[in-house]
Amino acid sequence: MCGIIGYIGDHDAYPFLIKGLKWLEYRGYDSAGMALFNGHLSIFRKMGKVADLESYMQNQEFGGKTGIGHTRWATHGEPSDNNAHPHGSMNGWFTIVHNGIIENYAELKEGLVNKGYSFRSETDTEVLVNLMEYFYNQGTEICAEDAVMLALSKVTGTYGIAVLCSQESDCIIAARKGSPLSIGIGKGQFLIASDATAMAGFINQVVHLNDGDLVVLKKDSFTLKSISNKPVSVKISNIDIHIGDIGKGSFDHFMLKEIHEQPRVMEDTLRGRLQPEKSDIMLGGLISVMPDLVKSERIIIVGCGTSWHAALIGEYLIEEFARIPVEVEYASEFRYRNPVIGKNDVVILISQSGETADTLAALRLARDKGALVIGICNVVGSTLARDTDAGIYTHAGIEIGVASTKAFTAQLTVLTLLALKLAWERKTIGSLQYTQHINELAGVPEKIRQILLQSEKIRTIAEKHKSVRNSIYLGRGNLFPVALEGALKMKEISYIHAEGYAAGEMKHGPIALVDEHLPVIVLAPRDENYEKMASSIQEVKARKGNLIAIISEGDNDIREWVNDFIEIPETLPALIPLLGIIPLQLLAYHTAVYRECNVDQPRNLAKSVTVE
Ligand code: AGP
């Protein structure tokens, strides 16, 4: 949930650190800081955004070609200057930036206090850096790297760290366990960061660290080993991040840009996989495991947040077409309930970032129990992508907005391809229906473009409801998860208490909430649930609910019953979620803008939840 960056090379470190922190800010943004070595170690820390740190630095003396930086999402210790990273050890010999949670920090802290150590912050990180100093002082033969290894050997929990030692200023020591870290290789310089995005433009190759790895970076070389000092093989990958992908372009926010990127993203996701000319689907990442998938007796789809909503839609798709029983689980529940998993089970893990702690824990649990584990992930080279047996990248490109949009529709696209392919291989779908869905899927990006043209109309609807405190989203069938997702978008960026419900559930309690002050957003396109949704609308209308309906183009009935409506093009029922979510993304976006919320960096949230 925090962002880490480090630089060592021929140039001043500051520009690399401050720019990297700006790219990492989506991972956490309650405080930021950096440490620079310029003959001596200087630490600069500020509560607030990276821009606040940048302003603060304008009035400071600093320099140096080696440095580390951090942008924080608070776990231990409230956001403050004092709790901001980097943290220095008591005598200033070690300085650290850390992403993760040291679970046994209290016990370690007590031991250090008994050895005469004092602490300036409330963080678990300060315990770790003092532990390093403590070991460093245990003998002249102990170097900084040894001290880091010894300290990490005492730690339970998760970490992605970068460390400077004032006595050994020619290197940065970094290590990871449970929090992502990658080494960037550039000309005459090395960087280390929580994700490669922060190093884009400075490097052309990358090495992704695995759990248990430790690296010593120098200005012209790096040494990779395990934290128990064993050799580790180095896998160098070329980096394919295009700088242009990272800016906001002409949009006011990354989220709005990413909402509007969805037609192109879907085309990218489909490219090479959807083959209308052959009336077929090719999922190259699953070729090696397709026979096991085809004969699997149960599929469990696991994820968090928006990825869990995509999993729910995946359940409808796979059961509808491939007739394989599917269960959907929150990763945070699945990992702790000792689930019954057999070797004929397939566990699909969905994650945009590929670094969500709960989802990675679920992956390890499923793998340990003998299941085939498949990843659906957006970040190339992420832990999920590397640790699953096989997988499919969503190819949504870098998603900066904390509220996931294009990654969600890319996940749905992949799940649709998978469900159809599985059905074809299992002969549970006829060639006509298969071809029909392939051809219709190819046309969905253009239909999304048509919906995006209604952004201005949706903005006017948002203006009417910008001051409400609650709202309800209703859907049936594969649009019930869309209602959940629409409500999550509204919750997380406008802070309105929005709830998604299965429309059929309203009469079992939630309808008591309905009055003239309550916006009720209903997904009522022409599908098999149309008549039932029409009844749900009438039930709400009879109680003066303020109805906003997502309807099929040309539906001249429901539009007469509701306060506002947004039309979406007709498509096959299985593909409607890909269209139904678009108006809800825009409704949440415009509402958040009216409420002057921080759309791209909502309060209390971070883009990648790499801690429990
Ligand atoms: C989505 O808008 C949220 N930011 C959040 O629910 C997110 O989907 C969840 O944390 C899972 O993230 P992941 O897909 O990267 O695993």
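Each remark here, short or long, concerns the structure printed above.
Sequence order as written defines the numbering, with residues in each chain counted from 1. At least 70 in pLDDT is required for a residue's local features to be given in this predicted model, at least 80 for side-chain atom pairs to be given and counted, and no such filter applies to totals for whole chains, interfaces and linings, which use all residues. Only hydrogens and water are removed before side-chain values are computed, so all heavy atoms of the structure are retained for them.

1. Quick word on the packing of helix α3 (residues 105-114) against helix α4 (residues 125-136)
For every element, the axis is a line fit to its C-alpha atoms; helices are fit only across the contacting stretch, and the angle between N-to-C directions ranges from 0 to 180 degrees. Only DSSP runs of H or I reaching four residues or more are called helices, and only runs of E reaching two or more are called strands; each is numbered from the N terminus. As a packed pair, α3 and α4 sit with axes 10 Å apart at the nearest point and diverge in direction by 45°. By the criterion of interaxial angle, the relationship of α3 to α4 is oblique. Note on packing geometry: the crossing formed by α3 with α4 is left-handed. Taken together, the residues of α4 that come into contact with α3 (itself represented by Tyr105, Leu108, Lys109 and Leu112) are Val127, Asn130, Leu131 and Tyr134. Partitioned by chemical class, the residues of the contact of α3 with α4 number six nonpolar, one polar and one charged. Between 65 and 115 degrees an angle is taken as roughly perpendicular, under 35 as roughly parallel, over 145 as roughly antiparallel, and anywhere else as oblique. Here a crossing is called left-handed whenever its near helix is offset anticlockwise from the far helix by less than a right angle, and right-handed whenever the offset is clockwise. Pairs of residues are marked as contacts when any of their non-hydrogen atoms sit within 4.5 Å. Here the nonpolar group is Ala, Val, Leu, Ile, Met, Phe, Trp, Tyr, Cys and Pro; Asp, Glu, Lys and Arg are the charged ones; every other residue, Gly included, is treated as polar.

2. Some words on the site of the ligand
Near the ligand you find 15 residues, and of these Ser307, Ser351, Ser353, Thr356 and Glu492 are the closest. Here a polar contact is taken to be a pair of N or O atoms separated by no more than 3.5 Å, where protein atoms must pair a possible hydrogen donor with a possible acceptor and residues adjacent in sequence count only if both atoms sit in side chains. One of the side-chain nitrogen or oxygen atoms of Lys489 is found 2.8 Å away from an oxygen atom of the ligand. Glu492 has a polar side-chain atom sitting 2.4 Å from an oxygen atom of the ligand. Calculation on the ligand without its partners gives an accessible area of 410 Å², and the protein chains cover 91% of this total. A pocket, in this scheme, is an open set of points on a 1 Å grid over the protein atoms alone with protein on both sides within 12 Å along at least 5 of 7 lines, while a cavity is a set where a 1.4 Å probe fits but cannot get out; residues line either one if an atom lies within 4 Å of a point. A molecule is counted as occupying a cavity or pocket when more than half of its atoms fall within 2 Å of that pocket's grid points. Judged by the fraction of its atoms near the pocket grid, the ligand is located in the second largest pocket. When residues of the shell around the ligand are traced back to their parent elements, those giving at least two are α9 (305-322) and α16 (480-494). Counted by class, the shell around the ligand contains five nonpolar, eight polar and two charged residues. Near is defined per residue: the residue qualifies when any heavy atom it owns lies within 4 Å of the molecule or strand. Only the protein chains shown count as cover for residues, and all accessible areas are computed by the Shrake-Rupley method using a 1.4 Å probe.

3. Remarks on the sheet that holds strand β18 (residues 326-330)
Here, strands pair whenever DSSP counts at least two bridges between them. Strand order in this open sheet of five strands is β18-β17-β19-β20-β21, and the pairing throughout is parallel. Single-partner strands in this sheet number two, and they are β18 and β21 (390-393). Here the strands of the sheet are splayed against their neighbours by 20° on average, with no regard to which way each runs. Relative to β18, strand β17 (residues 298-303) runs parallel, the two sharing five bridges. In the sheet register, Gly303 faces β18, and the bridge partner there is Tyr330.

Shape is all these values report; function is a separate question.
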